[in-house]
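Observations on the model geometry
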Amino acid sequence: MKLNPKEINSKQSGAYADGGGLYLLVRESGDRIWQFRFTDLTGKRAAMEFAKVVDRPSGRPGEMSLSEARDAAREYRVALKRDGADPRTKKRLAQTGGKTFKEYAEEKYPGWCVGKHKDEELAWQRSIRDVPSLHALTLHAIDTPHVIEALKPIWWEKPISADRTRQRIEKLLDAAKVEKLRTGENPAAWRGNLKLVLPSARKLNKKKPHASVPYAKAPALMTALRYETGTVGRCVEVGILTVTRSQEIRLMEWTELDFKKKTWLIPAEKMKVKGEGEPKPHLVPLSEQALAIIQSMPRTGRYVFPSDHYHAGEHQPFFPNALLYCIKRCGFAATMHGMRSTFRNWGADSREHNFRREVLEFCLSHRVGDEAELSYWDSDMIDRRRDALQAWADYVKPIRKPKADQPKKSKPKLRLVA
């Protein structure tokens, strides 16, 4: 029998069931308490007192009427069945307040960024800054509507960045659950959750591919770069010859070069960070043309190609736009990343060399194959990549061979006429 609101205050000491795990406890002292009885996640019977009994809704914390207690018991049952959330944990978090989202994020992400690229920490800071509506919320209070509200302002404006922000929120809330700072399902999860209410970020992203030039025009670009007298021209040349990314070539250091083995080892922290995967060092075989340009540079400090711009500080690398504007001054609309596409297209179309796809992808520091294949494949294909990059260098910047000595033409003898 369900409890009658009129009889609650007249009940004698004891426990009275209302159904659905809700009980009215009446103590010898006359105190009346609402209790929720349930089977916990380990299969044991458990009970939790959660509020004092009042006649009508009062709005004061720790007090509930019969209708409010029924609603609370219903929420406990749903959370326990759907989310696996122990009501006692939820009650404890609600009473202690817990950490706010911003406090917890600023506590956790610096440790996650250790050993990764320096831009990873900046990316975390931007993500947290982009969701101000979550900052003051306690971890246990964040629900799916809160996450949707936080993401909507940036989801259509910058979808790829917004999706990365969502992934970081999901990681933070997963960690909070492990540390018993929240319960239930992750409200930032994509599958079976936000995927049903937000469009795919990849489909929303209409980003154009990096500007490149047809590979037939690549030799003309390299010729034009010869007339760039500054350091930036040499930096762009070696970047094209090694098909590396802008930040990798701009930050090339003398200590990373092995002139005997003709290689350049790019450290992991300078490599591109993709998702949450760990970056790895990348060994680049140097063609004869790239090696000659590098060896022609004066060794004046840490970087092989220090900025020669009058605004730059002493011995600093170039800013990314410096390489872009250098190519533009040569009369070509392309980016350093676009020149990687130029190389890839040349390698795929080349009938003379017939390069394997894996070799071309490894030259671009891409790994191909699924996890099972990569677990058996740890070769860096250095010799094959050296052949490919040397062939590319010979195509875009052929080595000028000295002309063979030719016999000097004898001058015609003058004849004296009487």
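It should be emphasised that the depicted structure is a prediction, and the values quoted were computed from it without experimental measurement. (Residues numbered from 1 in each chain as written. Predicted model: local features only at pLDDT ≥ 70, side-chain atom pairs only at ≥ 80, totals over all residues. Heavy atoms only, no water.)

Our focus in this paragraph is the packing of aromatic side chains. A ring pair, where both rings are aromatic, is described by two values, the distance of the centres and the angle of the planes. Evaluated as defined, the whole model comprises 13 aromatic pairs. Here the aromatic rings of Phe36 and Phe38 are separated by 5.4 Å at their centres, their planes lie at 15°, and the arrangement is stacked. Plain terms: the ring middles of Trp346 and Phe355 are 5.6 Å apart, the flat faces sit at 50° to each other, and that makes the pair tilted. Accessibility assignment for this pair places Trp346 and Phe355 in one class, buried. Of the aromatic side chains, those joined through ring pairs into one cluster are Phe343, Trp346, Phe355, Trp392 and Tyr395. Over the face of the ring belonging to Tyr23 we find Arg37, whose NZ or CZ atom lies 3.9 Å from the ring centre. The cationic tip of Arg168 hangs over the ring face of Trp124; the distance from NZ or CZ to the ring centre is 5.7 Å. (Phe/Tyr/Trp six-rings, centres within 6.5 Å; stacked < 30°, edge-to-face > 60°. Buried < 20%, exposed > 50% of the residue type's maximum accessible area, 1.4 Å probe, protein only. Lys NZ or Arg CZ within 6 Å of the ring centre and 35° of its normal.)

On to the environment of Ser127, then. Mapping Ser127 onto the fold places it in helix α4 (residues 118–129). Separated by 40 residues in the primary sequence, Ser127 and Gln167 place their C-alpha atoms 9.8 Å from one another. In this structure Ser127 touches Thr165 and Arg168, once residues within four positions along its chain are discounted. Side chain to side chain, Ser127 and Thr165 meet in a polar contact 3.1 Å long. (Helix = DSSP H or I, 4+ residues; strand = E, 2+ residues; numbered from the N terminus. Contact = heavy atoms within 4.5 Å. Polar contact = N/O pair within 3.5 Å; in protein donor to acceptor, adjacent residues only side chain to side chain.)

Before going further, it helps to spend a moment on empty space enclosed by the protein. Per the stated rule, a full pass over the model turns up 1 cavity of 30 Å³ or more. For the largest cavity, the calculated volume is near 40 Å³. If you go around the largest cavity, the residues you meet are Phe101, Trp124, Ser127, Ile128, Val131, Thr165, Arg168, Ile169 and Leu172. Mapped onto the lining of the largest cavity, the elements with two or more residues apiece are α4 and α6 (159–178). With 4 residues, the single largest contributor to the lining of the largest cavity is α6. (1 Å grid on protein atoms, 1.4 Å probe; cavity = no way out; pocket = protein on both sides within 12 Å on 5 of 7 lines; lining within 4 Å. Points joined across faces, edges and corners; volume = space filled by probe spheres on them.)

Our next topic: the nonpolar core. Ranked by internal contacts, the top residues of the largest apolar core, which has 53 residues, are Val236, Ile240, Met252, Ile294, Phe305 and Phe343. Secondary structure elements with two or more residues in this core: α8 (218–225), α9 (231–242), β7 (263–266), α11 (288–296), α12 (320–329), α13 (336–349), α14 (357–363) and α16 (382–396). Leaving out residues up to four positions away in the same chain, Val236 has contacts with Leu225, Leu323, Cys326, Ile327 and Met336. Judged by nonpolar contacts, the second largest core, of 28 residues, contains Trp124, Ala150, Trp155 and Ala176. (Core = buried A, V, L, I, M, F, W, Y, C linked by side-chain atoms within 4.5 Å.)

This part takes up the environment of Met222. Among the structural elements, Met222 can be located in helix α8. Along the chain, Met222 and Gly233 lie 11 residues apart, while their C-alpha atoms are 9.5 Å from each other. In contact with Met222, not counting residues within four places along its chain, are Glu237, Ile240, Leu241, Val396 and Lys397.

Our focus in this paragraph is the state of the cysteines. If you walk through the whole model with that rule in mind, you get 0 disulfides. With no disulfide of its own, Cys326 has Cys330 as its nearest cysteine by sulfur position, at a separation of 4.9 Å. (Disulfide = S-S within 2.5 Å.)

As a further point, take the sheet that holds strand β3 (residues 32–39). The mixed open sheet is built from 5 strands, whose spatial order is β1-β2-β3-β4-β5. Lying at the two open borders of the sheet, with one neighbouring strand each, are β1 (14–19) and β5 (63–64). (Pairing = 2+ DSSP bridges.)

The subject of this paragraph is the sheet that holds strand β6 (residues 257–258). The antiparallel open sheet is built from 3 strands, whose spatial order is β6-β7-β8. With one partner strand each, in any of the chains shown, β6 and β8 (282–285) form the two edges of the open sheet. Relative to β7, β6 runs antiparallel, the two sharing 2 bridges. Paired with Leu257 across the two strands is Trp264, which belongs to β7. Contacts from α16 reach β7 and β8, with the element oriented near 50° to β8. (Axes fitted to C-alpha atoms, helices over the stretch in contact; angles between N-to-C directions.)

Attention now goes to the side chain of Thr144. With respect to the secondary-structure elements, Thr144 resides in helix α5 (residues 144–155). With near-sequence residues (within four places) excluded, Thr144 lies in contact with Pro187, Asn193 and Leu194.

Now for α6. The end-to-end C-alpha separation of α6 is 29 Å, in line with the 28 Å expected for 20 residues at 1.5 Å each. Burial in α6 covers these residues: Pro159, Ile160, Ala162, Asp163, Thr165, Arg166, Arg168, Ile169, Leu172, Leu173, Ala175 and Ala176. Along its buried surface, α6 packs onto α3 (101–112), α4, α5 and α7 (201–204). Just past α6, the residue Lys180 takes up positive phi, approximately 60°. (Expected span 1.5 Å × (residues − 1).)

Oppositely charged side chains can form a pair if their charged atoms are brought close together. Counted by the stated rule, this structure contains 19 salt bridges. Across the salt bridge formed by Arg74 and Asp71, the nearest N and O atoms sit 2.8 Å from each other. Of this pair, Arg74 and Asp71 both sit in helix α1 (residues 66–83), 3 residues apart, roughly one helical turn. When its relative accessible area of 42% is taken as the criterion, Arg74 is described as partly exposed. Lys270 is the salt-bridge partner of Glu256, the closest N and O atoms lying 2.5 Å from each other. Of the two residues, Glu256 is situated in the loop between α10 (246–250) and β6 and Lys270 in the loop between β7 and β8; the sequence distance between them amounts to 14 residues. By relative accessible area, Glu256 is classed as buried at 10%. Among the residues examined, Lys270 registers a relative accessible area of 9% and is labelled buried. If you follow the salt bridges from partner to partner, you end up with Glu253, Glu256, Lys270 and Arg302 in one network. (Salt bridge = Lys/Arg side-chain N within 4 Å of Asp/Glu carboxyl O.)

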